[in-house]
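Geometric and topological summary
Listed below, chain by chain, are the residues.
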Amino acid sequence: MGMRHAAPAGALIAATALLGVPAHAEAASPAAPARASSGPAAPARTGDAQVTAAGADSAPVAPARAENGPVGGADLGRHGVIAPLGAKAPPKTAARSYVIADADTGEVLAAKDPHGRFLPASTLKTLTALTLIPKIDKKLKIRPSLNAVNQEGSAVGLVAKPLYTAEDLFKALMLVSGNDCAMALAEANGGLDKTLREMNAEAKRLQAYDTVAKTPSGLDKPGQSSSAYDLALIARAGLADRDFRRYVSLKTDKFPAPKGYYEIGNHNRLLWRYPGMIGVKNGWTTKALGSFVGAARRDGHTIIVSIMRHDGYFWDEVAKLLDWGFSARGRVTPVGRLVDPVPEAAPTPVVPAAPQVRASATPAAAAREPAGGPSPVVWYALGAVLLGGTTWLVYGLRRRRRAD
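Residues numbered from 1 in each chain as written. Predicted model: local features only at pLDDT ≥ 70, side-chain atom pairs only at ≥ 80, totals over all residues. Heavy atoms only, no water.

1. Comments concerning the packing of helix α2 (residues 125-132) against helix α7 (residues 228-239)
Note the cut-off: Lines are fitted to the C-alpha atoms to define the axes, a helix being fitted only along its stretch in contact, and any angle between axes, read from their N-to-C directions, falls within 0 to 180 degrees. Each helix corresponds to a stretch of at least 4 residues labelled H or I by DSSP, and each strand to a stretch of at least 2 residues labelled E; elements are numbered beginning at the N terminus. Left-handed describes a crossing whose near helix is turned anticlockwise from the far helix through less than a right angle; right-handed describes the clockwise counterpart. Throughout, a residue-residue contact means that at least one pair of heavy atoms, one from each residue, lies within 4.5 Å.
α7 packs onto α2 with a crossing angle of 35° between their chain directions and a minimal axis gap of 10 Å. Crossing of α2 against α7: the hand is left-handed. Across from T126, L127 and L130 in α2, the residues of α7 making contact are I234, A237 and G238.

In structure tokens form, the structure reads like this:
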């Protein structure tokens, strides 16, 4: 008689055990994966440029170097003329440094001291424009500060009134080399310090490691530098931006004034007389001497020429360097290449936290088995069933003996 109650009672005890046993173990969280790489390590660079009062880099400042040599190729670490073998030599120029490159392929066709560091003068405005064009809405109305209005050197003639859009200032920056526009744009971007940080970050992104920006205008300042190689890199990146390309290609434009407007003209003389000329920017100071970076397009191909530290009239020499580049492209072995920007870091994947088993779970949830096998709750329940059954078996046997 007692045995007939053993199974139901055992089941009752098992159910009680199942409900009352706490979850002593939580599912372990999987180990976090290794962080994604932040992209290839930036090539090592030398210290900031040593620039003399005369504007020349003080030898022996080493060129910017990648892990396996100078940026763009081993030959580009040389200081003299670097020309392809078996080809007509590039035209002579009084420029201390130059680069002739195919903008479409990035091939450097010829060069002279391409990583030599010099004061860039207003060619640095190419970096200013490339940095700020994506950051400032071109329709933004800007009221220049008195500091911007009173910048020394070349200027478009700003007044401290809200007459100008950012696009007006970008145009005057590149056409007439407005130092006042450079400062007004830097202030509109959040201030001079912020703008210089972003300009130098952009130079590093482009792998223009010879370039150190200390001003947005290119006005001479100790420690500021660039190279013919870097100017070609910056120009190539700029020409890929539609607005940058449009600004540097303008021959003339109307500029706002308190009473209407006045016309401004591009200082790049080759825009007016060299077939296929696109732009980009020229510069000059008494310390930096003449510098220039420009591009022209013929028969579907674009050639970039950059020069630094020229002590005279360089326009005819630049035209001849461009002619040589068009005749050499596709026919000579390049002496180096214009490198691509550093890739942006891939985002680190977010791994969701593993769900936790809680003590307040329902019996069905508490009995659910994790992937690694039965949980301790299941084992406790089975033990309770066995213990209950055994107990009632013994109890029943004793009652039966007593009954006998």
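Next, the rest of the story.
2. Things to note about helix α8 (residues 242-249)
Note the following rule: Burial classification: accessible surface area is computed with a 1.4 Å probe over protein chains only, and a residue below 20% of its type maximum counts as buried, one above 50% as exposed, and the rest as partly exposed. Think of the arc as the fan of directions from the helix axis to the C-beta atoms. Any pair of N or O atoms that falls within 3.5 Å is considered a polar contact. Within protein, one atom must be able to donate a hydrogen and the other to accept it, and sequence-neighbouring residues count only if both atoms are side-chain atoms.
Buried residues of α8: D243, F244, Y247 and V248, and no others. The buried residues of α8 all sit within an arc of 125° when viewed along its axis, so they share a single face. Each element contacted by the buried residues of α8 is listed here: α2, α4 (166-175), α7, α9 (270-273) and β10 (277-285). The distance from a side-chain oxygen at the start of α8 to the backbone nitrogen of D243 is 3.0 Å, and the residue carrying that oxygen is D241.

3. Some points on the layout of surface pockets
The condition that has to hold: Buriedness of a pocket was judged along seven lines, with at least five required to meet protein on both sides within 12 Å; pockets are open sets of points on a 1 Å grid over the protein atoms alone, cavities are sets where a 1.4 Å probe fits but cannot get out, and lining residues have an atom within 4 Å of a point. Grid points are joined across faces, edges and corners, and a volume is the space filled by probe spheres set on the points. Each residue gets one of three labels, nonpolar for Ala, Val, Leu, Ile, Met, Phe, Trp, Tyr, Cys and Pro, charged for Asp, Glu, Lys and Arg, and polar for the others, Gly among them.
Considered as a void within the structure, the second largest pocket measures approximately 380 Å³ in volume. Forming the boundary of the second largest pocket are 22 residues, of which S122, S154, G283, W284 and T285 lie nearest the centre. Take the lining of the second largest pocket: its biggest share by element is five residues, from β10. Of the residues in the lining of the second largest pocket, the class split is six nonpolar, twelve polar and four charged.

4. A closer look at the environment of A295
In this fold, A295 is placed in strand β11 (residues 289-298). Judged by its relative accessible area of 0%, A295 is buried. Each C-alpha atom, one on A295 and one on A232, is 9.2 Å from the other, the two residues being 63 residues apart in sequence.

5. Notes on the side chain of T165
By the element assignment, T165 lies in strand β7 (residues 164-165). For T165, a relative accessible area of 18% corresponds to the buried category.

6. With respect to the nonpolar core
Note the cut-off: In plain words, nonpolar cores are sets of buried Ala, Val, Leu, Ile, Met, Phe, Trp, Tyr and Cys residues tied together by side-chain atoms within 4.5 Å.
In terms of nonpolar packing, the biggest core is built from 64 residues, with V108, L169, L185 and Y229 touching the most fellow members. The dominant element in this core, judged by the number of residues it contributes, is α7, at eight residues. Excluding residues that lie within four positions of it along the chain, L169 makes contacts with I142, L158, Y164, C181, A184, L185 and F255.

7. Regarding the pairing of strand β9 (residues 260-265)
What counts here: Pairs of strands are assigned from DSSP output, requiring at least two bridges between the strands.
In the sheet, strand β8 (residues 252-257) pairs with β9 via six bridges, with the strands oriented antiparallel. Paired with T252 across the strands is G265, a residue of β9.

8. Focus on the pattern of salt bridges
What counts is decided by this rule: Just to be clear on terms, a salt bridge is a Lys or Arg side-chain nitrogen sitting within 4 Å of an Asp or Glu carboxyl oxygen.
With the rule as written, the count across this model stands at twelve salt bridges. For K194, the salt bridge goes to E198, with nearest N and O atoms at 2.8 Å. Highlighted residues: K194 and E198, both in helix α6 (residues 192-205), separated by four residues, approximately one helical turn. On the basis of relative accessibility, which here comes to 19%, the residue E198 falls in the buried class. Through salt bridges with shared partners, a single ionic network connects K138, E167, D243 and R246.

9. Some points on the pairing of strand β4 (residues 97-102)
Taking burial as the measure, the six residues of β4 include six buried ones, the bulk of the element. Residues S97, V99 and A101 line one face of β4 and the alternating positions Y98, I100 and D102 line the opposite face, and both faces are buried. For β4 and strand β12 (residues 301-310), the ladder comprises six bridges, and the chain directions are antiparallel. Its bridge partner being in β12, A101 is matched across the sheet by I304. Counting the residues between successive antiparallel strands, the hairpin from β4 to strand β5 (residues 107-112) contains four residues, one of them, G106, with a positive phi of roughly 85°.

10. Here we look at the environment of K221
Inspection of the secondary structure puts K221 in the loop between α6 and α7. By relative accessible area, K221 is classed as partly exposed at 42%. Sequence-wise, K221 and A121 are 100 residues apart; in three dimensions their C-alpha atoms are separated by 9.6 Å. In this structure K221 touches L119, K214 and T215, once residues within four positions along its chain are discounted.

11. Brief notes about the side chain of T285
Mapped onto the fold, T285 is located in strand β10. At a separation of 2.8 Å, a polar atom in the side chain of T285 contacts the side chain of D220. At a separation of 2.9 Å, a polar atom in the side chain of T285 contacts the main-chain amide nitrogen of A288. Sequence-distant contacts of T285, that is, excluding residues within four places in its chain, are made with A121 and D220.

12. As for α7
Heads up, the rule is: A helix is expected to span 1.5 Å for every residue after the first.
With twelve residues, α7 should reach 16 Å at 1.5 Å per residue; the first-to-last C-alpha distance of 16 Å fits that figure. Among the twelve residues of α7, eleven are classified as buried, and the element is accordingly described as predominantly covered. Within α7 the residues assigned to the buried category are A228, Y229, D230, L231, A232, L233, I234, A235, R236, G238 and L239.

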